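Descriptive analysis of the structure
Next come the chains, spelled out residue by residue.
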Number of protein chains: 4
Amino acid sequence: MAQETKARIRKAAIEVIAEEGFFNTRMQDIADRAQLAVGTIYNYFSSKDEVLSYIFKYEIQRRMKSISELKEQKLSTRRFLKKFLDRHFLTLRENPNLGRVLVREKEFSRAKDNNEIKENMNSLIKMLEDIFVEGINKAEIKDINAHLMAVYFFGSMQGIIEFALTEPEIEMLVDGPDFIIKRIEHIFK
Amino acid sequence: MAQETKARIRKAAIEVIAEEGFFNTRMQDIADRAQLAVGTIYNYFSSKDEVLSYIFKYEIQRRMKSISELKEQKLSTRRFLKKFLDRHFLTLRENPNLGRVLVREKEFSRAKDNNEIKENMNSLIKMLEDIFVEGINKAEIKDINAHLMAVYFFGSMQGIIEFALTEPEIEMLVDGPDFIIKRIEHIFK
Amino acid sequence: MAQETKARIRKAAIEVIAEEGFFNTRMQDIADRAQLAVGTIYNYFSSKDEVLSYIFKYEIQRRMKSISELKEQKLSTRRFLKKFLDRHFLTLRENPNLGRVLVREKEFSRAKDNNEIKENMNSLIKMLEDIFVEGINKAEIKDINAHLMAVYFFGSMQGIIEFALTEPEIEMLVDGPDFIIKRIEHIFK
Amino acid sequence: MAQETKARIRKAAIEVIAEEGFFNTRMQDIADRAQLAVGTIYNYFSSKDEVLSYIFKYEIQRRMKSISELKEQKLSTRRFLKKFLDRHFLTLRENPNLGRVLVREKEFSRAKDNNEIKENMNSLIKMLEDIFVEGINKAEIKDINAHLMAVYFFGSMQGIIEFALTEPEIEMLVDGPDFIIKRIEHIFK
DNA sequence: TATGAATGAGTCTTCATTCAT
DNA sequence: CATGAATGAAGACTCATTCAT
């Protein structure tokens, strides 16, 4: 029950923040969209920043769970990355607002104590790094700098999304996975 | 004299906004950085929004002037685009803060009446479009949709910068021009 | 509940504005007098101007309601006007601060878009005009220009109050109704 | 020469203040109207308040001078008052803006240390009082309270002007002198 | 004397957050 | 848990006043 309300707030926040931007969004706006009173939000979140943090945390943990699940499928590194990207981009096509928030508001914490978002992103990057390390160990990919590769891979995802959201069409989100894989083609043996 | 002060404000604003983000920046911060009183800023700008608008306007007009100058050199379309990108990326390497502002804060006007920034960007895109049209007329490039190409070209510039600013190194800004030209290689006859 | 707070703000504002004048009054002053926080005022009024507008609107609508009630009593025009004035001047004797505000601050909207105050005053004048028209139709008063008469009548009310507030004594507010009736004596048949 | 500039500022201030009200008038507005720089005003006046004070002082002293001149003509009290009023109302008909300022802005000093305006007004009232005292001594008027009479006389002048400025026509300023004299008719023996 | 750019104290207004119901 | 009125700190903006030229 309680989780339903928290999810409702999260979804409402994604919508409003996607439309207005985090700084232009008032807690009242989120409450209105969620058809709740402002006070109610504070029963689930301690601050406005935490609402945004939670959006990132929630989505990043889904990605990490996705990675964990894929790991059990014993796929080749290439197929692994392809499947991960497919899932990620599918989610964003289904919910472009989420993409807008994840890409545009990631910088909000600059000059704030709150680096929970960055920590979450780094956890995700760490998991990607592990994939590359494993690929190297399995001799599927060349002996590259796995950390740098993970950062680059993550950055590309962001770039494609940013680009796709700028474009009038959202086509880019369909071709995104292949586009990214092509850019790292040279690392595969 | 007056223009010196306005330029000082513009430069101070770029620095502070790059560091803190537009919404986290107070007028007092800009004034402090420019070693001026807040009131002085309002002798040159009517609002905080206008300060940011002016940064975009100023830089975009420089780019447009750059395009006009290059036009007089009667270069091939490929060399024209390469030179334009070289200038642009050189400026950003010399002043990364400017890049950060131009890329990260371009969305600030969402949900605001103020779309001066977007208008300025569209003017620049229009100029790029003219270049592609001319290239088609001179039979240097294939018969593509010039407008779409211009949008894509502009989007790529943004993407590279975003990516470069995310990376710890700024190397990307060196290779950026070639990177972009390579992505549109297929349009040249 | 909510209306209680709004009324408290209205009353506090009348007191402070009567003492200091609208332009010398700070929102903080009104809040202090009402024993509320400044922010609370903005839960009921969108701006400082609107607080003043509301004072006028509120009082003018009371006068209009007073006229409507008197109309049902089927009085002669002379007695009607006398009773209306009696009520009005009694209110001001009971709350001289209100008189001060209504008379002194009516001009605040000059050079402002906000002419709500003037619109409200004109509504009241229109009701007075109707009274005169009715008097003419009932052959109780001469065939005068009803609109001009209403304006004059209203102006006299204002004049008496202004005068009374200048005088050390407030006696004028007692004799006011008769004073005004005497000045329009010639219109009665 | 210097006095010409000071007069220019005074006249410009009367115009702007009549149109916008004292509180809505900025020093820059006065400077613009006078076709001078703001700084110049401060060579002649020490503050914004002082500009308004000066307008009152200047006009009140003219009235006092007018009274002094009339005194030398050895007129009857009635004719004296009539002539004084004629002059005053003629001036206002010629310069209605002046009337607007004198009537509407007389209250600005409330809650301010600055009561120079009130002092000047009281000086004028004192002179009027002397006229009534003299009239009593010359047995031309009844043994009334001269001070109260002067206050009433002065208040009537203000009232008429306020009324005349509210009315669409300015006719009232023509009949004003007679109107006032009639109201104090009973004091003459 | 005239100028007008620079100053910063003073206010309005916003909005995240609290808390009594 | 839900509510939404009350709170007040924070920040944009104004404008009288100063002063170097």
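Residues numbered from 1 in each chain as written. Chains lettered and ligands numbered in written order. Predicted model: local features only at pLDDT ≥ 70, side-chain atom pairs only at ≥ 80, totals over all residues. Heavy atoms only, no water.

Now for the protein's contact with DNA strand F. Around DNA strand F, the structure places 28 residues, and the nearest of them are Tyr 42 of chain B, Gly 39 and Tyr 44 of chain C together with Met 27 and Lys 48 of chain D. Sugar and phosphate atoms constitute 75% of the interface atoms of DNA strand F, taking the interface as everything within 4 Å of the protein. A distance of 3.1 Å separates a phosphate oxygen of DNA strand F from a polar atom in the backbone of Met 27 of chain B. Those elements giving two or more residues to the surface near DNA strand F turn out to be helix H1 (2-20) and helix H3 (38-41) of chain A together with helix H3 (38-41) of chain C. (Near = heavy atom within 4 Å. Polar contact = N/O pair within 3.5 Å; in protein donor to acceptor, adjacent residues only side chain to side chain. Helix = DSSP H or I, 4+ residues; strand = E, 2+ residues; numbered from the N terminus.)

Often, the extent of an interface is quoted as the loss of accessible area upon association of its parts. Residue and element names in this part refer to chain A. Segmentation of chain A into domains returns domain 1 (1-45) and domain 2 (48-187). The C-alpha-based centres of domain 1 and domain 2 are spaced at 25 Å. Across the contact, 15 residues belong to domain 1 and 16 residues belong to domain 2. Buried area between domain 1 and domain 2, summed over both chains or domains, comes out near 1,500 Å², and the portion from carbon and sulfur atoms is 74%. For the domain 1 face of the interface with domain 2, the top three residues by lost area are Arg 10, Ile 14 and Phe 22, together amounting to 42%. For the pair domain 1 and domain 2, the interface holds one salt bridge. (Domains from an automatic or database assignment. Contact = heavy atoms within 4.5 Å. Buried area = accessible area lost by both parts, 1.4 Å probe. Salt bridge = Lys/Arg side-chain N within 4 Å of Asp/Glu carboxyl O.)

The local shell around DNA strand E holds 28 residues, among which Met 27 and Lys 48 of chain A, Tyr 44 of chain B, Tyr 42 of chain C together with Thr 40 of chain D are the closest. Restricting attention to atoms of DNA strand E within 4 Å of the protein, one finds that 74% of them are sugar or phosphate atoms. The side chain of Thr 5 of chain B places a nitrogen or oxygen atom 2.9 Å from a phosphate oxygen of DNA strand E. The separation between a phosphate oxygen of DNA strand E and a polar side-chain atom of Thr 40 of chain B is 2.8 Å. Only helix H3 (38-41) of chain B together with helix H3 (38-41) of chain D provide two or more residues apiece to the surface near DNA strand E. With three residues, the top contributor of residues to the surface near DNA strand E is H3 of chain D. Looking at side-chain class alone, the surface near DNA strand E contains 12 nonpolar, 12 polar and four charged residues. (Nonpolar A, V, L, I, M, F, W, Y, C, P; charged D, E, K, R; others polar.)

Let's shift gears to the packing of aromatic side chains. One pass over the full model with this rule turns up 18 aromatic pairs over all chains. Ring centres 6.0 Å apart and planes at 50° place the aromatic pair Tyr 54 of chain C and Tyr 58 of chain C in the tilted group. Linking Tyr 54 of chain C with Tyr 58 of chain C, this pair stays in helix H4 (residues 48-71), spanning four residues, or about one helical turn. Given a relative accessible area of 18%, Tyr 54 of chain C falls into the buried group. Among the aromatic residues, ring-to-ring pairing joins Phe 22 and Phe 23 of chain A together with Phe 22 and Phe 23 of chain B into one connected group. Directly above the ring of Phe 22 of chain B sits Lys 48 of chain B, whose terminal nitrogen or CZ lies 4.6 Å from the centroid. (Phe/Tyr/Trp six-rings, centres within 6.5 Å; stacked < 30°, edge-to-face > 60°. Buried < 20%, exposed > 50% of the residue type's maximum accessible area, 1.4 Å probe, protein only. Lys NZ or Arg CZ within 6 Å of the ring centre and 35° of its normal.)

Here the focus is the nonpolar core. All names here are of chain B. Leu 52, Leu 81, Phe 132 and Phe 153 are the most contacted members of the largest nonpolar core, which has 63 residues in total. Where this core is concerned, the elements lending two or more residues are helix H1 (2-20), helix H2 (27-33), helix H4 (48-71), helix H5 (77-94), helix H6 (96-104), helix H7 (116-137), helix H8 (146-166) and helix H9 (172-183). Ranked by residue count, the leading element in this core is H8, at 12 residues. Both domains that meet at this core, namely domain 1 (1-45) and domain 2 (49-187), each give it at least three residues. (Core = buried A, V, L, I, M, F, W, Y, C linked by side-chain atoms within 4.5 Å.)

As recorded in UniProt, the feature "DNA-binding region" (unreviewed entry) lies at residues 26-45 of chain A. Secondary structure over residues 26-45 of chain A splits into 55% helix and 0% strand, and the C-alpha atoms at its two ends are 14 Å apart. (UniProt positions renumbered as here; feature names shortened; annotations may be inferred.)

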